[in-house]
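# Residue-level structural notes
Here are the chains, one letter per residue:
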Amino acid sequence: MSDLELLTQSLARSVKHWRAVRGFTLDVLAARAGVSRGMLIQIEQARTNPSLGTVVKIGDALGISITTLLDYEKGPNVHIVPAEQAVRLWHTEAGSHNRLLAGTEAPGPLEMWDWRLMPGESSPSDPHPAGTTELLHVTTGELTLTADGVEYRVPAGSSAHFEANVPHTYGNTGDVPMEMIMAVSVPPVS
């Protein structure tokens, strides 16, 4: 079985599991996530490989991290994620990509990401739930962060944090690849 098939099946089990834990019907989760009921059915039946944006919306609606969606079985208090198990969820032909390095529920979803954006590329994100915070550190190049229509420059060696409940875009308007480490904290679902 391929990695994509394993990922699709894991996502199907996890969405079903967490939807049941939260007591959400398909219609409730679809409305909370802003995705169609049909898409949720396809995901829960492992018949589709949804986009990163769709997975993020479902995780946000369930109040859990993408890491938890991909593996809902709880292990020991210490969980080591080998480098080869970091999940690359987005990439372009030019070489831009992101990797979900690790995640946990403490007290709400908390994720750590590794991002690489090639010159001239960008990645937009829909608003996350109120109370979501993103914390990032640029290691190479310069990040052009646009939050709620305002552009900010974050050069290598600098860090930033912002409330991510507004539309935001990570961009690279420079001449060299931009690399950053980012943490996302989502408040728990009440």
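Summary of the structure given here. (Residues numbered from 1 in each chain as written. Predicted model: local features only at pLDDT ≥ 70, side-chain atom pairs only at ≥ 80, totals over all residues. Heavy atoms only, no water.)

## A look at the pairing of strand S4 (residues 122-125)
Only one face of S4 is covered, namely the one carrying Ser123 and Ser125; the face carrying Ser122 and Pro124 has none of its residues buried. Pairing of S4 with strand S9 (residues 168-171), which is carried by four bridges, proceeds in the antiparallel orientation. Across the sheet, the residue bridging to Pro124 is Thr169, located in S9. (Buried < 20%, exposed > 50% of the residue type's maximum accessible area, 1.4 Å probe, protein only. Helix = DSSP H or I, 4+ residues; strand = E, 2+ residues; numbered from the N terminus. Pairing = 2+ DSSP bridges.)

## A look at the pattern of salt bridges
Taken as a whole, this structure holds six salt bridges when the rule is applied. Among the ionic pairs, Glu44 bridges to Arg19, the shortest N-O distance being 2.6 Å. Linking Glu44 in helix H3 (residues 37-44) with Arg19 in helix H1 (residues 3-22), this pair joins segments that are 25 residues apart in sequence. Residue Glu44 is classed as buried on the basis of its relative accessible area of 8%. Relative accessible area serves as the criterion here: at 16%, Arg19 is assigned to the buried category. Within this structure, Glu142, Glu151 and Arg153 form a network of salt bridges that share partners. (Salt bridge = Lys/Arg side-chain N within 4 Å of Asp/Glu carboxyl O.)

## Thoughts on the sheet that holds strand S7 (residues 150-155)
In sheet architecture, strand pairing relies on hydrogen bonds along the backbone and comes in two forms, parallel and antiparallel. Taken in spatial order, the four strands of this open sheet run S4-S9-S6-S7, and their pairing is antiparallel. Of all the strands in the sheet, the pair left with one neighbour each is S4 and S7. For this sheet, the mean angle separating the axes of adjacent strands, direction not counted, is 15°. (Axes fitted to C-alpha atoms, helices over the stretch in contact; angles between N-to-C directions.)

## Section: the packing of aromatic side chains
The tally for this structure, following the rule as stated, stands at two aromatic pairs. Taking the centre distance of 5.5 Å and the plane angle of 45° together, the rings of Trp90 and Trp115 count as tilted. Here Trp90, found in strand S1 (residues 87-91), pairs with Trp115, found in strand S3 (residues 109-117); they are 25 residues apart in sequence, far enough to count as distant. Take Trp90: its relative accessible area is 18%, and that puts it in the buried class. For Trp115, a relative accessible area of 4% corresponds to the buried category. Measuring from ring centre to ring centre gives 4.9 Å for Trp115 and Tyr170, while their planes differ by 50°; the resulting arrangement is tilted. With Trp115 in strand S3 and Tyr170 in strand S9, this pair connects stretches of sequence that are 55 residues apart. According to the relative accessible area criterion, Tyr170 is buried, its value standing at 3%. (Phe/Tyr/Trp six-rings, centres within 6.5 Å; stacked < 30°, edge-to-face > 60°.)

Note that every value here comes from positions in space, so none of it alone points to a role or purpose.
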